[in-house]
Each structure stands twice: as structure tokens, then as C-alpha cells.
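Structural description and commentary
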Amino acid sequence: MAKSRTILIWHNNGEQQFTFTVNPERLRVSRPNCNRVERLAMGGTVNLWGGRGLREVSFTTFLPEERSPFYGGTDGAEVLSLLKAWQDSGDPVRLIVSGSDINDAFLIEDVTETLREGDGDITLTLTLREYKFASELAKNADGAVQSAGKTARADERVLPKTRTVKRGDTLWGIACELYGDGTRWREIAKKNGVTEPRKLPVGKVLVL
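Before going into details, it helps to say that this report is about the structure given with it. (Residues numbered from 1 in each chain as written. Predicted model: local features only at pLDDT ≥ 70, side-chain atom pairs only at ≥ 80, totals over all residues. Heavy atoms only, no water.)

What follows is about the nonpolar core. Counting 22 residues, the largest nonpolar core has Ile9, Phe20, Leu83, Leu95, Ile108, Leu126 and Leu128 as the members making the most contacts within it. Listing elements by their share of this core, those giving two or more residues are β1 (7-11), β6 (56-63), α1 (76-89), β7 (93-97), β8 (103-115) and β9 (122-130). Apart from residues no more than four positions distant in its own chain, leucine 95 is found in contact with Ile7, Leu8, Ile9, Val57, Ile102, Asn103, Asp104, Phe106 and Leu128. One finds Ala41, Val165, Trp185 and Leu200 within the second-largest nonpolar core, a separate group that totals 16 residues. (Core = buried A, V, L, I, M, F, W, Y, C linked by side-chain atoms within 4.5 Å. Buried < 20%, exposed > 50% of the residue type's maximum accessible area, 1.4 Å probe, protein only. Helix = DSSP H or I, 4+ residues; strand = E, 2+ residues; numbered from the N terminus. Contact = heavy atoms within 4.5 Å.)

Printed below as a string of C-alpha cells:
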């Protein structure tokens, strides 16, 4: 099982670290978004972008015993104990995978070991999820506040008090046009007693 890349994990700014002697055959990287699906009043759904979520990395390998030709000088039980200690500490570790864009802080979510009778090797399945430091969260929060401030300033423009329904209008579209947020169609519907938003009559005057 030739190594084509290096998988390094370190803890506490590199004071404790190790590389896997045997690389996993496959390394799975999940990179989700935090999107949300909204149901439209007139039928159907829309998918609203919510920004990138936390990456998750998982892989299965084995920690060779001392007699194994793959043994690299570090006892597998020691490596397993170290991983469990880092998991229990709640501290982030840094995961670096050469030949990829993985070089970030992660929390160890799951450590699964499999022991086979008569085999001194330890099969290990490791799952890690991306970690965000407080400074990064604060930066993102500041960005959200600034974005909210821009939205608030944009909303300071004088809005009409009424809106006459034209052919092809929908409450979602009107809310997008006036408020910049289609999900606020419910406010318009409630204010105007609209119980069947898919049958919005042309010429109806909506109070905003």
C-alpha cells in the first residue's frame, strides 16, 4: 500500500503530532451548504442559499502492530489513545492532507476502532468536522451586522403605502420588489386578508 500523500494531525500548535503510517484507500470530504427550502404560496418551492457549512472528513485505515511490515515506529495503541484524548479534550486539531486543500482546524467527532481476533493491527475509522475559531466567528458576525446595516439603509427609501395588483403579479414577487425579501409575502397577505394567494385578483389594491 504505497503512500502517495501525507496525512498529518497535530494538537496544541504542533506540540503533539503524528502522520499515519498506512494511508486510507479512500478519504471522504463532505462540503455542504446551509441552504434552506421555502415553500411558495402559489405552489412549488425555492432553494435559498445559506452560505457554506462545515466540512467533514472521514476515512478508514489501520494502525499496524510492531511485527507488521507497515510498522512505522509508533505503537498503534498509543496513537489510538492520543486520538481519544484529543477527542475528549474538546480542543481542535489541525488536519493537513498533502495534495489537497485540507489544512484547517477540525474537531474529532468520532473514533471507531475494530479489533480482530488473532490480529494485532487496529482498524480505525476517524471522522472530523471543521472548527471555527471565535475570532473568525466574530469576523463573520461583523460582516453580517454590516450587511444588515446596508439592508437597513436600503430600506430607508420611501415605500408606497399601497400597491395595485397587475397581471402576472405574485405576493412573493411583490415582497421581493418592495422589501427585497420574498418570504415577507405572508405579511402582505395577512395585512390584506388574502387567504388564497394563488388567486390574486388583478386590480386589487394591497395595503403595505
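Further remarks concern the sheet that holds β1. Strand order in the open sheet formed by 7 strands is β2-β1-β7-β8-β9-β6-β3, with antiparallel pairing between adjacent strands. The sheet is open, and its two edges are formed by β2 (16-19) and β3 (27-30), each paired on a single side. This sheet shows a mean twist of 30° between the axes of neighbouring strands, independent of strand direction. Two elements, β3 and β6, share 4 bridges in a ladder whose sense is antiparallel. Residue pairing in the sheet places serine 30 in a bridge with glutamate 56 of β6. Contacts between α1 and the sheet are confined to β1, β2, β6, β7, β8 and β9, with β8 contributing the most and set at about 125° to the helix. (Pairing = 2+ DSSP bridges. Axes fitted to C-alpha atoms, helices over the stretch in contact; angles between N-to-C directions.)

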